[in-house]
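Chain by chain, the residues:
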Amino acid sequence: MATRHGLVRDLLCLPDSSPFAKLLDSCLRSRSARETRRVHARILNSQFSKEIFIQNRLIDVYGKCDCLDDARKVFDRMPQRNTFTWNSIITVLTKSGFLDEAARLFGSMPDPDQCSWNSMVSGFAQHDRFEESLEYFVKMHKENFFLNEYSFGSALSACAGLMDFDIGIQVHAMVSKSWYSTDVFMGSALIDMYSKCGSVACSQDVFSGMIERNLVTWNSLITC
């Protein structure tokens with residue numbers, strides 16, 4: 001039976017990078033930075049060392065293994081990048097709390113997409129920089145990007161963090177006109193936002209108008 005290292009050596013002769021991708025998936029499941037670096041070393045010695053797909057996968061796996069420096073080195077050394085490349089490093093940076101660096105990269109991104117904008121809105125909200133989160137949310141809307149449940153959820157979280165009732169109402173109005181007006185998770189987020197803004201009556205109104213409710217919904221109302 002071939003050894004594990006023998007199998008990895010055999011990958012160098014394969015016609016595409018999918019086996020490397022599977023190895024990286026295994027590294028991700030085990031959250032092993034050491035194994036990720038070993039696979040990375042093999043990739044560097046293969047014909048796929050500059051392939052965008054596998055480089056993007058490396059950034060993603062390094063990020064999820066809390067190896068920000070490694071992820072950034074891969075990004076910086078890439079001769080070519082696509083939108084997924086930029087989104088991967090921005091996601092790593094926002095989740096790690098390096099928001100100013102994420103903002104700098106986002107500002108230099110050639111073609112940000114919905115995922116790029118959502119990463120900025122959610123990343124700033126998750127790290128309690130609520131005003132900037134809402135600024136990205138507003139800009140995203142002005143740029144005519146589709147606002148989805150992640151966009152609205154992060155914006156409502158920012159409103160709750162600021163305890164800004166007025167902006168919360170405006171976001172609620174946008175939710176009401178969207179596909180997510182009857183979404184149970186969106187309803188729960190609205191109840192939580194109004195609760196943190198001190199409006200129990202609005203929380204109760206949202207709860208009463210919900211077609212579907214779950215445990216989060218009930219807990220959000222009970223804690224008003």
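Just so it is clear, the model here is predicted, and its values are computed rather than measured.

Basis of the calculations
Residues numbered from 1 in each chain as written. Predicted model: local features only at pLDDT ≥ 70, side-chain atom pairs only at ≥ 80, totals over all residues. Heavy atoms only, no water. Phe/Tyr/Trp six-rings, centres within 6.5 Å; stacked < 30°, edge-to-face > 60°. Helix = DSSP H or I, 4+ residues; strand = E, 2+ residues; numbered from the N terminus. Lys NZ or Arg CZ within 6 Å of the ring centre and 35° of its normal. Core = buried A, V, L, I, M, F, W, Y, C linked by side-chain atoms within 4.5 Å. Buried < 20%, exposed > 50% of the residue type's maximum accessible area, 1.4 Å probe, protein only. Contact = heavy atoms within 4.5 Å. Salt bridge = Lys/Arg side-chain N within 4 Å of Asp/Glu carboxyl O. Polar contact = N/O pair within 3.5 Å; in protein donor to acceptor, adjacent residues only side chain to side chain.

Enquirer: I'd like a rundown of the packing of aromatic side chains, residues and numbers included.
Expert: Under the defined criterion, the tally for this structure stands at 12 aromatic pairs. Between W117 and F145, the aromatic rings sit 6.0 Å apart at their centres with planes inclined by 45 degrees, giving tilted as the arrangement. Placement of W117 in helix α8 (residues 114-126) and of F145 in the loop between α9 (130-142) and α10 (149-162) is noted, with a sequence separation of 28 residues between them. Feature note: the residues F106, W117, F124, Y136 and F145 constitute an aromatic cluster, connected by ring pairs. A cation over an aromatic ring shows up here: R81 above the ring of F75, its NZ or CZ 4.0 Å from the ring centre.

Enquirer: Summarise the nonpolar core; cite the residues concerned and give the values.
Expert: Core analysis: the biggest nonpolar cluster contains 61 residues, and I59, I89, F152, V171 and M193 have the highest contact counts within it. Each residue touching I59, except ones within four places of it in the same chain, is listed here: A71, V74, F75, M78, T85, S88, I89 and V92.

Enquirer: Just give me the short version of the pattern of salt bridges, but keep the residues and values in it.
Expert: By the definition in use, this model includes 11 salt bridges. Two residues, K64 and D60, come together in a salt bridge whose shortest N-O distance is 3.4 Å. With a gap of 4 residues between them, K64 and D60 both fall in helix α4 (residues 52-64), about one helical turn apart. In this structure K64 comes out as partly exposed when scored by relative accessible area, which is 38%. D60 sits in the buried class, given a relative accessible area of 16%.

Enquirer: Account for the side chain of S188, with residues named and values stated.
Expert: Within the secondary structure, S188 sits in helix α12 (residues 184-196). At 3.0 Å, the side chain of S188 and the backbone oxygen of V184 are in polar contact. Each residue touching S188, except ones within four places of it in the same chain, is listed here: M210, N214, V216, T217 and S220.

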